Amino acid sequence: MNILLKREWNRLKRVLEYERNYFGLDSVKFTDIVLNFGIGSRNFRDKNITEQYRNYVGFYENLDIRKYNFGEKWYDFDNLLDKRLFKILDENSDYLISEIGRMLMEIFVFKSDISDMSDGYYRIYSNISRRKIFYIADTAGPCMDMDLNIAEINEKVIPATAELVKKYKIKVCSEFDSY
């Protein structure tokens, strides 16, 4: 077990629990705390940690959670926190950065109500100019365009904002994962 990650997980967990117990922790506060933590972790001298940070968390640094978060939820935040983050990381903090990245994906990337039994639900992305919508499965399923035709993506994609989800009247998944 990486001692540095264990120490950082214990520090981050104390902050999250304090916020949760005394002020109420929601996905917006969580994201702010975690991204501030992440910015510090990318400066570790451990090459593996900085590479993990770049691969799993760095993607979300420049995104404004307020543009991605709205009333409809495709996740149960408390369940996600308790059964996903706390449980997994209490057992093995070596997965700290990748689990934080997975939590951020769950929070930032809207999950549509479109599913394929083998690939699960599709998440909603857009191109940088926010003119195209793409549906991408969490697993290695096919990518689809806005008309649900299989599409090849040859450009950088980012999570679709709440504004785009509403604009295109995309239905958000109402089924919570059990984690």
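Since this is a predicted model, take the numbers as computed values, not measurements. (Residues numbered from 1 in each chain as written. Predicted model: local features only at pLDDT ≥ 70, side-chain atom pairs only at ≥ 80, totals over all residues. Heavy atoms only, no water.)

A.B. asks: How would you summarise the overall build of the chain if you had to cite specific residues and measurements?
C.D. replies: Looking only at helices and strands, the chain has six helices and five strands in total. By the compact-globule yardstick of 16 Å for 179 residues, the chain fits well, its C-alpha radius of gyration being 17 Å. Each of the three principal axes of the chain carries a C-alpha extent, and together these read 50 × 35 × 30 Å. When contacts within the chain are restricted to residue pairs at least 6 apart in sequence, those whose partners lie at least 24 apart make up 62%. Counting only carbon and sulfur atoms, one obtains 48% of the accessible surface of the chain, whose full area is about 9900 Å². (Helix = DSSP H or I, 4+ residues; strand = E, 2+ residues; numbered from the N terminus. Rg over C-alpha atoms; globule rule 2.2 N^0.38 Å. Contact = heavy atoms within 4.5 Å. Areas by Shrake-Rupley, 256 points an atom, 1.4 Å probe, with all protein chains shown as cover.)

A.B. asks: Describe the layout of surface pockets, naming the residues involved and giving the relevant values.
C.D. replies: Of the voids in this model, the second largest pocket is the one considered here, and its volume is about 160 Å³. For the second largest pocket, the full set of lining residues is Gly 58, Phe 59, Asn 62, Leu 63, Asp 64, Lys 67, Tyr 68, Ile 128, Arg 130, Lys 156 and Ile 158. Taken together, the residues that form the lining of the second largest pocket break down as five nonpolar, two polar and four charged. (1 Å grid on protein atoms, 1.4 Å probe; cavity = no way out; pocket = protein on both sides within 12 Å on 5 of 7 lines; lining within 4 Å. Points joined across faces, edges and corners; volume = space filled by probe spheres on them. Nonpolar A, V, L, I, M, F, W, Y, C, P; charged D, E, K, R; others polar.)

A.B. asks: Mind laying out unusual backbone geometry, listing which residues take part and the relevant values?
C.D. replies: In the Ramachandran plot, Leu 148 falls in the positive-phi region, its phi being about 65 degrees despite a non-glycine side chain. Mapped onto the secondary structure, Leu 148 falls in the loop between β4 (144–145) and β5 (157–159). In this model, Lys 169 sits at a positive phi of 50 degrees, which is unusual for a non-glycine residue. Examined against the element boundaries, Lys 169 turns out to sit in the segment after α6 (162–167).

A.B. asks: Summarise the packing of helix α4 (residues 77–91) against helix α5 (residues 96–108); cite the residues concerned and give the values.
C.D. replies: Between α4 and α5, whose axes approach to 10 Å, the crossing angle comes to 165 degrees. By the angle between their directions, the pair α4 and α5 is classed as roughly antiparallel. Classified by chirality, the crossing of α5 by α4 is right-handed. Side by side, α4 and α5 meet where Phe 77, Leu 80, Leu 81, Arg 84, Leu 85, Ile 88 and Leu 89 of the first sit next to Leu 96, Glu 99, Ile 100, Arg 102, Met 103, Glu 106 and Ile 107 of the second. Residues that form the contact of α4 with α5 fall into these classes: ten nonpolar, no polar and four charged. (Axes fitted to C-alpha atoms, helices over the stretch in contact; angles between N-to-C directions. Parallel < 35°, antiparallel > 145°, perpendicular 65-115°, else oblique. Left-handed = near helix turned anticlockwise from the far one by under 90°.)

A.B. asks: Can you explain the pairing of strand β3 (residues 133–137)? Please cite residues and give values.
C.D. replies: Most of β3 is tucked away, with five of its five residues classed as buried. Because side chains alternate across β3, one face comprises the buried residues Ile 133, Tyr 135 and Ala 137, and the other comprises Phe 134 and Ile 136, equally buried. As judged from the five bridges shared by strand β2 (residues 120–127) and β3, these two strands associate in the antiparallel manner. Across the sheet, residue Arg 123 finds its bridge partner in β3, namely Ile 136. Taking the residues that link successive antiparallel strands as the turn, the β2-β3 hairpin has five residues, and the phi of Arg 130 there is positive, at about 60 degrees. Here β3 pairs with β4 via two bridges, running antiparallel. Paired with Tyr 135 across the bridge in β4 is Met 144. Taking the residues between adjacent antiparallel strands as the criterion, β3 and β4 are bridged by six residues. (Buried < 20%, exposed > 50% of the residue type's maximum accessible area, 1.4 Å probe, protein only. Pairing = 2+ DSSP bridges.)

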